[in-house]
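# Chain and residue survey
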Protein chains: 2
Amino acid sequence: MNNFSFVNPTKIIFGKGQISQLATEIPSGKRVMITFGGGSVRSNSVYDQVKIALKNHFTVEFWGIEPNPDYETLLKAVIVAQENNVDFLLAVGGGSVLDGTKFISQAMSFNADPWKLVKNAQLCKPSVPVASVMTLPATGSEMNGRAVISYRAKKEKLAFMSEHMFPKFSILDPEVTYSLPTHQISNGVVDTFMHAMEQYMTYPAQAFLMDRWAEGILKTLTEIGEKVVKDHTNYDLMSNYMLCATMALNDFIGMGVPQDWATHRIGHDLTAVYGLDHAQTLAVLYPAFLKVTKAEKRDKLLQYAERVWEIKEKDPDKKIDAAIEQTEQFFRRVGLKTRLHEYQINDEAVEIVAERVLLRGIVYGEHKNIDADAVKKIIRLAL
Amino acid sequence: MNNFSFVNPTKIIFGKGQISQLATEIPSGKRVMITFGGGSVRSNSVYDQVKIALKNHFTVEFWGIEPNPDYETLLKAVIVAQENNVDFLLAVGGGSVLDGTKFISQAMSFNADPWKLVKNAQLCKPSVPVASVMTLPATGSEMNGRAVISYRAKKEKLAFMSEHMFPKFSILDPEVTYSLPTHQISNGVVDTFMHAMEQYMTYPAQAFLMDRWAEGILKTLTEIGEKVVKDHTNYDLMSNYMLCATMALNDFIGMGVPQDWATHRIGHDLTAVYGLDHAQTLAVLYPAFLKVTKAEKRDKLLQYAERVWEIKEKDPDKKIDAAIEQTEQFFRRVGLKTRLHEYQINDEAVEIVAERVLLRGIVYGEHKNIDADAVKKIIRLAL
């Protein structure tokens, strides 16, 4: 097991009817800016529940934080917050709204060009507290110090991370997810599965307990994934899905283990060039990625085949291939495509994506060996 | 899944050589009281490592916090802390030293009889920060807000819990456990196993992920338990054991699930009357306890048989009996006795322990149905 340090101070308030806790969780006297995305929270009662809970607080609303929250939108929110002397930020929505709100908090107390914060998270400091009412299980932002911010005018999309960006608390009521569109559930299941895989599918690091916990998330998703896509209104299923999403990216399964994240990074390029949703890129890339890296991931692939998919095949190579096939079929069963041609993306993508990787000059993966050549192989297999 | 709220702000610093981090984790200028148990930390280099790391801090030492830390000892420590204007407490030792130190912190800023804090944890407040260098994996105290304090003069031993008692940080270096006596490892393995069981072995609560995580701890312990008892100097094994101990009682596996804790409570009485170690009481009581409660725990016992012990028996009753038998044999394999007669305790214990339960007027278990009569049955089966 590798040395590690772990801390996660976010409070999770989970369950039916918990949005009402806002009334006491946000100290009285706080001047609250509530941030939203589009209008979906108006139609599923979340907006009303939030407003009722905060009826004795000063509140100002900022609407319109878009998916892949944009720097310029967020700067407008900073101005609204400052004009209203806001000292508490409440994000009501999915990962994008919350990521954006984490940035707003940091930018409010930063006296230089705030894009510098995104480029260099070391500049982050204790700032205006952020909390969330999470309506879309997927990114894990509700219990981590991460945010991904886009700057469309500069064609940039960057992730940054700081101990000062953990939400103070997050309220997770599985009932508010009942009205989500199906494709967002499909995306969320795959995103969650991949968050666990990126921390698990590397090489054996003698981290027996962390392996079991990652497998626990993966196994649970294989059991409930298809069901939550078909029926978003089963409380037990949605609550387990929501908890998996939070636990997959709050560092609980990452203690002392090597991590990969290559597929996430290549996926960002596919999104940038072709506009695919983040989860769509993962579902397309990962089966191909595993085929390319199966020699170096051999031991963990065998363990994954055994424990997550319960594959009894004796021949190890066939067992690994079966596990990769099961993974791809799982992505399809929960509603995502797994080949680029299904998105009308052809073999031009091989050079285009590899070029971006080459230009960036970074190699990916737990062995830092996923270079432009490896990316070409992966994209080719994903066609 | 039940509604729940979860927060755990403790930072964990894990791995080889991490005690040196004390130099920076404790802010400079802090006046530190270091608390210790007996002298074992002098012979295994922990004391030296701590003193070197804190060579630029003001430090005062308090020695002699005993197993089952005693109220009167701790009051002496409070006086030393106050006389030295201490504003940081560092516990170096096992769960007893840390539990005692959590109490010292609370008592330092409490202006009435501090035993009231133990009786009513609501009186706890933010106080002098506590941190730990954990040398004995077992109680989970290094990452929770719990403490168990004894008051020998009053024959009382009480657990209390507060959000204000989480350690600021805990340093876990598996290498410092190499010199532990074997019986402490045996006890620690069983204690950790039982912490997971108390949160897991109840009834199905549709908490799929939490079940998997509890099973992850249990399964890991079944794989490494015997090995760590035989050889305390294998880094990989000791680090997994240490991590299991912390994760079994930091609320990570307790989200939204019913909990039992009857065996722990009956065990406290066995300790009080017969002086058995805490883990010894658990190993004796639990197989008997499962036999008495197997009808109400039927579904979870079958799941446990399947997932933790991989028992393939078709007949459900035989499968459950086999799982209970495996549990008892596991306790024996890691070095603990599982019957009272092995401690020269005879059938007088039936009435003596049941009487204490009756007097206290509390019924135990996830169904609140473990009353004095049930306790009699359990003790009788444990003879």
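For the structure given in this document, a descriptive report is provided here.

Reading guide: rules and limits
Residues numbered from 1 in each chain as written. Chains lettered and ligands numbered in written order. Predicted model: local features only at pLDDT ≥ 70, side-chain atom pairs only at ≥ 80, totals over all residues. Heavy atoms only, no water. Core = buried A, V, L, I, M, F, W, Y, C linked by side-chain atoms within 4.5 Å. Buried < 20%, exposed > 50% of the residue type's maximum accessible area, 1.4 Å probe, protein only. Contact = heavy atoms within 4.5 Å. Phe/Tyr/Trp six-rings, centres within 6.5 Å; stacked < 30°, edge-to-face > 60°. Helix = DSSP H or I, 4+ residues; strand = E, 2+ residues; numbered from the N terminus. Buried area = accessible area lost by both parts, 1.4 Å probe. Salt bridge = Lys/Arg side-chain N within 4 Å of Asp/Glu carboxyl O. Polar contact = N/O pair within 3.5 Å; in protein donor to acceptor, adjacent residues only side chain to side chain. Nonpolar A, V, L, I, M, F, W, Y, C, P; charged D, E, K, R; others polar. Pairing = 2+ DSSP bridges.

### A few points about the nonpolar core
Here is a general trend for soluble globular proteins: nonpolar side chains tend to be buried in one another's company. Grouped together as the largest cluster of nonpolar side chains are 225 residues, with contacts concentrated most on A:W213, A:I217, A:Y304, B:W213, B:I217 and B:Y304. The residues touching B:I217, leaving out its near neighbours within four places in the chain, are A:L209, A:W213, B:T192, B:A196, B:C244, B:M247, B:A248 and B:I253.

### With respect to the packing of aromatic side chains
Counted under the stated rule, the structure contains 38 aromatic pairs over all chains. A centroid spacing of 4.9 Å and a plane angle of 65° characterise the contact between A:W115 and A:Y151, whose relative ring orientation is edge-to-face. Taken together, the positions of A:W115 in helix α6 (residues 115-119) and A:Y151 in strand β6 (residues 146-151) put the pair 36 residues apart, joining distant regions of the chain. On the basis of relative accessibility, which here comes to 3%, the residue A:W115 falls in the buried class. Taken together, a centroid distance of 6.4 Å and an interplanar angle of 35° make the contact between A:F252 and B:W213 tilted. A residue pair is termed interchain when its members come from two chains, as with A:F252 in the loop between α9 (235-248) and α10 (262-274) and B:W213 in helix α8 (residues 208-230). For the pair shown, A:F252 and B:W213 are each scored as buried. Members of the aromatic cluster, joined through ring pairs, are A:F6, A:W213, A:F252, B:F6, B:W213 and B:F252.

### As for the interface of chain B and chain A
A common measure of how large an interface is: the accessible area buried when the components associate. At the junction of the two partners, chain B supplies 41 residues and chain A supplies 41 residues. Buried surface at the junction of chain B and chain A, summed over both partners, amounts to about 3500 Å²; 65% is from carbon and sulfur atoms. Ranking the residues of chain B by area buried against chain A places B:M1, B:L209 and B:W213 at the top, with a combined share of 19%. Here chain B and chain A share two salt bridges between them. Across the salt bridge formed by B:R212 and A:E223, the nearest N and O atoms sit 2.8 Å from each other. Put simply, chain B and chain A have 17 residue pairs in polar contact (both at pLDDT 80 or more) between them. Only β1 (4-14), α8 and α9 (235-248) of chain B provide two or more residues apiece to the side of chain B that touches chain A. For the side of chain B that touches chain A, the per-class residue count stands at 24 nonpolar, 11 polar and six charged. In this structure, strand β1 (residues 4-14) of chain A lies alongside β1(B), joined through seven bridges in antiparallel fashion. For A:F14, the partnering residue across the bridge sits in β1(B) and is B:F4.

### Some thoughts on the pattern of salt bridges
All names here are of chain A. One pass over the full model with this rule turns up 42 salt bridges over all chains. K11 is the salt-bridge partner of E25, the closest N and O atoms lying 2.9 Å from each other. Of the two residues, E25 is situated in helix α1 (residues 22-25) and K11 in strand β1; the sequence distance between them amounts to 14 residues. A relative accessible area of 23% means that E25 is categorised as partly exposed. Its salt-bridge partner being E306, residue K312 comes within 3.8 Å of it at the nearest N-O pair. Take K312: its relative accessible area is 60%, and that puts it in the exposed class. A relative accessible area of 33% means that E306 is categorised as partly exposed. Here the salt bridges share partners, and the residues they tie into one network are E226, K230 and R333.

### Structural notes on unusual backbone geometry
Both trends apply: most residues other than glycine have a negative phi, and most peptide bonds are in trans. Residue and element names in this part refer to chain B. Positive phi, close to 70°, is recorded for W261, a residue that is not glycine. Relative to the helices and strands, W261 resides in the loop between α9 and α10 (262-274). What makes W261 buried here is its relative accessible area of 14%.

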